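Summary of the model geometry
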Amino acid sequence: EVAQLFNREAGIGVRLQVVPMQGYRREAWFDQTALPWVNPSPNLRSLAQAILYCGVGAVESANVSVGRGTDSPFEVLGAPWINGKRLAVYLAKRNIPGVEFEPVTFVPRSSRYHGQSCQGVRVLLVDRRNFNGPLLGVELAAALYRLYPGKFNLGNTLSMIGSRQVLQAIKNGDDPRQIQRRWQPELSDFLRKREKYLLY
């Protein structure tokens, strides 16, 4: 689907042949397919981690650990300069759809903060149907910037968040839900554009 969209919308114009899958339903979660799980990445070892990746991963290019080097990549987030209980309480009050938070302490065996004790939060996926990855990413970035403005390197998240306007809105103290509402018109335009390329 995305190959066909890129080919036409970006004017690539190659001769493209797509062989549709049989038996695939767009609404099915992976664990409803009866297929064996194969890690798409060494740090995506479960369906929950793969789902959370698109939210928690939004801040991983900043100076926080997202659990790489632990048994729970993308299910934990922290740093030596974070107070886990404070962050968990703050995020819980935000009522972010699909997730809950609890304080956690962990020591990455590799990657960022290797061998250092990190406090932060465990992100619990409690309702995957109502989960909104981009909103979670903005909520995490906004929470870290608000609670740790002199320590959290918000600017480094640009490569993952992908919008200078979103980063500026976080700096301005805008509510993440308000930020999310601002991108809805462009998202709606994209969903209309992709409609003609959907195979399933």
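Our subject is the structure listed above.
This report concerns the structure included in the present document. (Residues numbered from 1 in each chain as written. Predicted model: local features only at pLDDT ≥ 70, side-chain atom pairs only at ≥ 80, totals over all residues. Heavy atoms only, no water.)

Focus on the layout of surface pockets
There is about 310 Å³ of room inside the largest pocket. Around the largest pocket sit Y24, R26, A28, W29, L187, F190, L191 and R194, which together line it. Residues belonging to the lining of the largest pocket are distributed by class as follows: six nonpolar, no polar and two charged. Put simply, the second largest pocket is a space of about 200 Å³. At the level of secondary structure, the elements contributing two or more residues to the lining of the second largest pocket comprise helix 4 (133-147) and helix 5 (158-161). Take the lining of the second largest pocket: its biggest share by element is four residues, from helix 4. (1 Å grid on protein atoms, 1.4 Å probe; cavity = no way out; pocket = protein on both sides within 12 Å on 5 of 7 lines; lining within 4 Å. Points joined across faces, edges and corners; volume = space filled by probe spheres on them. Nonpolar A, V, L, I, M, F, W, Y, C, P; charged D, E, K, R; others polar. Helix = DSSP H or I, 4+ residues; strand = E, 2+ residues; numbered from the N terminus.)

Considering helix 7 (residues 176-194)
Look at helix 7: 26 Å from first C-alpha to last across 19 residues, which is about the 27 Å you get at 1.5 Å a residue. Maximum bend of helix 7: about 40°, positioned at Q184, with proline P185 one to four residues after it. For helix 7, the full list of buried residues reads P176, I179 and Q180. For helix 7, the elements touching its buried residues are helix 4 and helix 6 (164-171). Looking at where helix 7 begins, the residue whose side-chain oxygen comes 2.7 Å from the main-chain nitrogen of R177 is D175. (Expected span 1.5 Å × (residues − 1). Bend = angle between axes of the 7 residues up to and from the residue. Buried < 20%, exposed > 50% of the residue type's maximum accessible area, 1.4 Å probe, protein only. Contact = heavy atoms within 4.5 Å. Polar contact = N/O pair within 3.5 Å; in protein donor to acceptor, adjacent residues only side chain to side chain.)

Let's talk about the nonpolar core
Nonpolar side chains in soluble globular proteins generally cluster together in the buried interior. Formed by 47 residues in total, the largest nonpolar core has its most connected members in V56, L77, L87, F101, L136 and F152. Elements represented by at least two residues in this core include exactly helix 2 (47-56), strand 1 (76-79), helix 3 (84-93), strand 2 (99-106), strand 3 (118-125), helix 4 and helix 6. The leading source of residues in this core is helix 4, at eight residues. (Core = buried A, V, L, I, M, F, W, Y, C linked by side-chain atoms within 4.5 Å.)

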